[in-house]
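# Results of the structural survey
Chain by chain, the residues:
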Amino acid sequence: TQSTRPQRLLNAVQKNATRGDPRSVVKAIDDFCRHKEWAMNVGDEKGCILDSVVSEINPAAVLELGTYCGYSTVRIARLLPPHAKLITLEFNPDFAAIARQVIAWAGLEEKVQLVEGASGDWIPKMKEQFGITTFDLVFLDHWKDRYLPDTKLMEECGLLRKGSVLLADNVICPGTPDYLEYIRSSPRYESRYFKSHLEYTKVEDGLEKSVFKG
Ligand SMILES: CNc1ncnc2c1ncn2[C@@H]1O[C@H](/C=C/CNC(=O)c2cc(-c3ccc(F)cc3)cc(O)c2O)[C@@H](O)[C@H]1O
Ligand SMILES: [Mg+2]
């Protein structure tokens, strides 16, 4: 049977990365996507911006919307302090299965809780299911038309506190116009655009970093 791109990406990790070495897992995926098959990981250029935001916040509780193959999950989790937790939501079971193995290869299972399900169903259950009060950082990288409804849902569920940071991928390409309009015009957020490029290409894209004012 034909393999899928995520399966071929996992094979590249298992072939080229060292078990327990997150940096080598990130490099193996970037090499695969740059030289073999493009895939929608945040990538190395935007990934460095992600790294700097994570390091600046030093978050205890992180939520990622849209795991895909776990590239950004590994990028974020490798920088977290001990006892910090990253919850990542993925509703495609095939992608979730690949991501679990990528996260395991990096040796980051202890820091990551991959939840198989839809953000709309799970955001309201974060407190009761995982004992989360608020998130210090949310990385949005799932369906682009879901960034805005899920942000409003997180506000309603009291998952954001004064200083919580939302970091959104792809605000230019593919684009998240309704989210950008909302977050940039809302008095409850301080937003900043980090200009970059679509992963593994020269096309413009960027990350929008928004701090919740409470
Ligand atoms: C809606 N609630 C949800 N809850 C849980 N998981 C969800 C989800 N929505 C989507 N997902 C999952 O997130 C992932 C979806 C990501 C969507 N991302 C994109 O479409 C995307 C697309 C591009 C892209 C850019 C240019 C181009 F020509 C082609 C593609 C680049 C990116 O960086 C992207 O992130 C999948 O794994 C999907 O199963
Ligand atoms: Mg993306």
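As shown above, the structure is provided for reference.
Residues numbered from 1 in each chain as written. Chains lettered and ligands numbered in written order. Predicted model: local features only at pLDDT ≥ 70, side-chain atom pairs only at ≥ 80, totals over all residues. Heavy atoms only, no water.

## What to know about the site of ligand 1
Residues in close proximity to ligand 1 total 23 residues, the closest being Glu90, Ser119, Asp141, Asn170 and Glu199. Side-chain polar atom of Ser119 to a nitrogen atom of ligand 1: 2.9 Å apart, as the coordinates give it. Considering ligand 1 on its own, with 780 Å² of exposed area, one finds that the protein chains cover 83% of that surface. Looking at the shell around ligand 1, the elements that each hand over two or more residues are strand 2 (85–90) and helix 9 (171–175). Residue composition of the shell around ligand 1, grouped by class: 11 nonpolar, 6 polar and 6 charged. (Near = heavy atom within 4 Å. Polar contact = N/O pair within 3.5 Å; in protein donor to acceptor, adjacent residues only side chain to side chain. Areas by Shrake-Rupley, 256 points an atom, 1.4 Å probe, with all protein chains shown as cover. Helix = DSSP H or I, 4+ residues; strand = E, 2+ residues; numbered from the N terminus. Nonpolar A, V, L, I, M, F, W, Y, C, P; charged D, E, K, R; others polar.)

## A short note on the pattern of salt bridges
Using the criterion set out here, one finds 17 salt bridges in the structure. Where Lys209 meets Glu56, a salt bridge forms, and the shortest distance between an N and an O atom there is 3.2 Å. In this pair, Lys209 sits in strand 7 (residues 204–212) while Glu56 sits in helix 3 (residues 43–57), placing the two residues 153 residues apart along the sequence. Residue classification places Lys209 among the buried residues on the basis of a relative accessible area of 13%. The residue Lys195 makes a salt bridge to Glu204 at a minimum N-O spacing of 3.4 Å. On the accessibility criterion, Glu204 (33% relative accessible area) is partly exposed. (Salt bridge = Lys/Arg side-chain N within 4 Å of Asp/Glu carboxyl O. Buried < 20%, exposed > 50% of the residue type's maximum accessible area, 1.4 Å probe, protein only.)

## Quick notes on the environment of Asn58
Looking at the element boundaries, Asn58 is found in the loop between helix 3 and strand 1 (61–65). Relative accessible area serves as the criterion here: at 46%, Asn58 is assigned to the partly exposed category. Along the chain, Asn58 and Asp121 lie 63 residues apart, while their C-alpha atoms are 27 Å from each other.

## Observations regarding the pairing of strand 1
Remark: a regular strand shows side chains that alternate across the two faces of the sheet. The element strand 1 is extensively covered by neighbouring structure, given that 5 of its 5 residues are classed as buried. Here strand 1 shows no split at all, with Ala61, Leu63 and Leu65 on one side and Val62 and Glu64 on the other all buried. Two elements, strand 1 and strand 2, share 5 bridges in a ladder whose sense is parallel. When the bridges of strand 2 are listed, Glu64 appears paired with Thr88. A crossover links strand 1 with its parallel partner strand 2, the connecting element being helix 4 (residues 71–77), and its sense is right-handed. Inspection of the sheet shows strand 1 paired to strand 4 (residues 135–140) by 4 bridges, in the parallel sense. (Pairing = 2+ DSSP bridges. Right-handed = clockwise from strand over helix to strand, strands pointing away.)

## Regarding the coordination of the magnesium ion (ligand 2)
Protein coordination at the magnesium ion (ligand 2): the donors are Asp141 (OD), Asp169 (OD) and Asn170 (OD1), at 2.0 to 2.2 Å from the metal. Sequence spacing of the donors to the magnesium ion (ligand 2): D-x27-D-N. With Asp141 in the loop between strand 4 and helix 8 (147–156) and Asp169 in the loop between strand 5 (160–168) and helix 9, the pair connects residues that are 28 residues apart, well separated along the chain. (Donors = N, O, S within 2.8 Å, 3.2 Å for Na, K, Ca; no water.)

## Digging into the side chain of Ser196
Along the polypeptide, Ser196 turns up in strand 6 (residues 189–197). What makes Ser196 buried here is its relative accessible area of 3%. Discounting chain neighbours no more than four positions away, the residues touching Ser196 are Glu45, Lys46, Ile49, Val203, Glu204, Asp205 and Gly206. (Contact = heavy atoms within 4.5 Å.)

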